[in-house]
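Spelled out, the chains give:
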Amino acid sequence: MRLYTYPGAPSPQRVEWLLVEKGIEMPMEKVDLTQGEHLRPEFRAKSPNADVPTLALDDGTFISQVPAICLYLEDRFPEPPLYGQSPEDRARVIMWDHLGYINGFRAVAEVLRNSSRAMQGRPLVGPHNYDQIPALVDRGRQRVRNFFNDFNGRLAQSDYLAGDFFSMADITGYVMCNFARWIKEQPGEEHVHLRAWQDKISQRPAVEKVIQRR
Ligand SMILES: N[C@@H](CCC(=O)N[C@@H](CS)C(=O)NCC(=O)O)C(=O)O
């Protein structure tokens, strides 16, 4: 197997973190997003949405999209589990993982990609170009603050996002809180539960290897 990645970008970080937790080693190949390498035909043949991470299997199959890659690796390398122990656990992990993606990642990206000059024409990930919509920047910032509020509320009730065990949902939630720094947003004093959870998760060795490495 081989992972196509871009170090420091939030979506690849989710998969790289899973690899560290499970002790899986594989070659990594950098796709330089700043040079548009992901939009070239050679890479688009591997990743239909022209995005990283993308996993190449030894039989020549390519899998893109973080949830598809992570669930594949969970099934192939079940220990330690990152989707819990039961069908109900798995469903709750996928639910909170997806909420971290849509309300965390997509909100930060809405701000970043509609305001950055470097991302002109690229407000949405994928093979197609669009115009930026500057009016989305303020709304995106509100969405990021609501993400912090809502996840703080969840963590007031639960030790980890999906229940009483560490999971892929915590990886995604933590990566997205960190991604928010790119637009100078961070949980505030009022987000007591979210910050306590961040402190707890930041003790994991994977954080130093994957998040603080850049
Ligand atoms: N929905 C995708 C999102 C992947 C994604 O957004 N990847 C970003 C890096 S974080 C990317 O490849 N961006 C390419 C671009 O900016 O055009 C997934 O879950 O894998």
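Residues numbered from 1 in each chain as written. Predicted model: local features only at pLDDT ≥ 70, side-chain atom pairs only at ≥ 80, totals over all residues. Heavy atoms only, no water.

Any chance you could explain the nonpolar core here in plain terms?
Core analysis: the largest hydrophobic core is formed by 52 residues, its most contacted members being W17, L73 and W197. Top element by residues in this core is helix α6 (residues 168–179). It accounts for 8 residues. When residues of this core are assigned to domains, at least three fall in each of domain 1 (2–76) and domain 2 (87–205). (Core = buried A, V, L, I, M, F, W, Y, C linked by side-chain atoms within 4.5 Å. Buried < 20%, exposed > 50% of the residue type's maximum accessible area, 1.4 Å probe, protein only. Helix = DSSP H or I, 4+ residues; strand = E, 2+ residues; numbered from the N terminus. Domains from an automatic or database assignment.)

Just to check I follow, could you spell out the sheet that holds strand β4 (residues 62–64) for this structure?
Each strand in a sheet pairs with another by means of backbone hydrogen bonds, the pair being arranged parallel or else antiparallel. Taking strand neighbours across the sheet as the criterion, the 4 strands line up as β2-β1-β3-β4 in an open arrangement whose pairing is mixed. Strand pairing shows two members of the sheet lacking a second neighbour, β2 (28–30) and β4, which therefore form its edges. Each adjacent strand pair in this sheet contributes to an overall mean axis angle of 20°, direction not counted. Bridging between strand β1 (residues 2–5) and β2 involves 3 bridges; their strand directions are parallel. Considered in β2, the bridge of Y4 is made with E29. Contacting β1 and β2, helix α1 (residues 10–22) runs over the sheet at an angle of about 150° to β1. (Pairing = 2+ DSSP bridges. Axes fitted to C-alpha atoms, helices over the stretch in contact; angles between N-to-C directions. Contact = heavy atoms within 4.5 Å.)

Can you help me understand the environment of M26 in this one?
Note that M26 resides in the loop between α1 and β2. Classification of M26 by relative accessible area gives buried; the value is 13%. Distance in space between the C-alpha atoms of M26 and G8 is 18 Å, their sequence separation being 18 residues. Each residue touching M26, except ones within four places of it in the same chain, is listed here: M1, R2, L3, L19, L55 and L73.

Hey, could you run me through the packing of aromatic side chains in this one?
Each aromatic ring pair is specified by the distance between its two centres and by the angle formed by the two planes. Going through the model one piece at a time under the given rule, you end up with 10 aromatic pairs. Aromatic side chains F147 and F151 sit 4.6 Å apart centroid to centroid with 50° between the ring planes, which places their arrangement in the tilted category. In this pair, F147 and F151 are both assigned in helix α5 (residues 136–157), 4 residues apart and thus about one turn of the helix distant. Take F147: its relative accessible area is 2%, and that puts it in the buried class. Residue F151 is classed as buried on the basis of its relative accessible area of 3%. These aromatic residues form a ring-pair network of at least three members: W96, F147, F148 and F151. Positioned above the aromatic ring of Y83 is the side chain of R90, whose terminal nitrogen or guanidinium carbon lies 5.7 Å from the ring centre. In this structure, K200 packs its charged tip against the face of Y160, placed 4.2 Å from the ring centre. (Phe/Tyr/Trp six-rings, centres within 6.5 Å; stacked < 30°, edge-to-face > 60°. Lys NZ or Arg CZ within 6 Å of the ring centre and 35° of its normal.)

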